[in-house]
Amino acid sequence: MVPLLVAVIGGYLLGSVPVAVLVARAHGFDPREVGDRNPGFWNVRERAGSRASAPVFAGDMLKGVLAGLLGLAVSGAHTAGLGVVAGPSVPVAYAAVAAAMIGHAWPLFARFRGGRSILTFAGGFAVVCPPAFALAVVLLVGVGLAARSFAAGARAGVFATPVLQALFAPLTHVALTGALMCVIGLRFGMAALAARRRPGGRDGRGRRGRARRGPAAGSRT
């Protein structure tokens, strides 16, 4: 019980660090008040450029990585072949990653106004199933280059994670990954509703209020 509690509290606090807000403020704006009002990598990138937003990309992923490693460490660091989380470490590591994603989405340190948790999910997934994460990155790059679109590659990489994980881990692990992805889906749904409720039913760019289609990984992090 103590390892699980430490993992959940630690994961949530890590996820609550508002990296996008801190970086954006250094460049003179609040991502929660401009664009699609999402405090994530893509919104910061669209306003400050790729170089300025790079710390957001790295920081949001790092939150998931650190949470996963915390859960792994406090539960005895049980892993199987290729570093796939195993045994008693499975529920604790997944709980830590879930807590980090929830912290990113509803951050304690940023008035509970957070992002979509995609990059935090990706960082956590890199810990719980490293070989599947590596294949997802290869898929992202391959599809991105073929389609000449990072957005297309990102969608392919994220949505393929459960399928790729099934090559290396039991289906119970895959189900847990699916549960993590439900947090992302929930945040997208909430963002769409929030956009429709804004004055005039329009989003921050003056278009009809709906969640803008964009890359599934990184764009609404």
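For the structure itself, consult the block above.
Just so it is clear, the structure is predicted and the values come from calculations on it, not from any experiment.

**Focus on the environment of Gly64**
- With respect to the secondary-structure elements, Gly64 resides in helix H4 (residues 50-74).
- Each C-alpha atom of the pair Gly64 and Ala96 lies 8.5 Å from the other, and the pair is 32 residues apart in sequence.
- Sequence-distant contacts of Gly64, defined by excluding residues within four places in its chain, comprise Val97, Thr120, Gly123 and Gly124.

**Section: the environment of Leu167**
- Mapped onto the elements of the fold, Leu167 is located in the loop between helix H9 (161-165) and helix H10 (171-197).
- Judged by its relative accessible area of 60%, Leu167 is exposed.
- Each C-alpha atom of the pair Leu167 and Ala132 lies 7.7 Å from the other, and the pair is 35 residues apart in sequence.

**A closer look at helix H6 (residues 118-128)**
- Most of H6 is tucked away: eleven of the eleven residues are buried.
- Of all the residues in H6, the buried ones are Ile118, Leu119, Thr120, Phe121, Ala122, Gly123, Gly124, Phe125, Ala126, Val127 and Val128.

**Re the pattern of salt bridges**
- Within this structure, the stated rule accounts for four salt bridges.
- With its nearest N and O atoms 3.5 Å apart, the salt bridge here joins Lys63 to Asp60. Pair noted here: Lys63 and Asp60 are both in helix H4, with a separation of three residues, about one helical turn. For the pair Lys63 and Asp60, one class covers both residues: buried.

**Let's talk about helix H1 (residues 2-15)**
- Helix length check: H1, at 14 residues, gives a terminal C-alpha distance of 20 Å against a target of 20 Å (1.5 Å per residue), a fit within 8%.
- Three or more residues of H1 are buried, namely Ala7, Gly10, Gly11 and Gly15. For H1, the angular spread of the buried residues around the axis is 130°, confining them to a single face. With respect to the buried face of H1, the exposed residues turned more than 90 degrees away are Val2 and Leu5.
- Looking at the buried side of H1, the elements it contacts are H4 and helix H5 (89-105).

Thresholds applied
Residues numbered from 1 in each chain as written. Predicted model: local features only at pLDDT ≥ 70, side-chain atom pairs only at ≥ 80, totals over all residues. Heavy atoms only, no water. Helix = DSSP H or I, 4+ residues; strand = E, 2+ residues; numbered from the N terminus. Contact = heavy atoms within 4.5 Å. Buried < 20%, exposed > 50% of the residue type's maximum accessible area, 1.4 Å probe, protein only. Salt bridge = Lys/Arg side-chain N within 4 Å of Asp/Glu carboxyl O. Expected span 1.5 Å × (residues − 1). Arc of directions from axis to C-beta.

What is shown is where atoms sit, not what they do.
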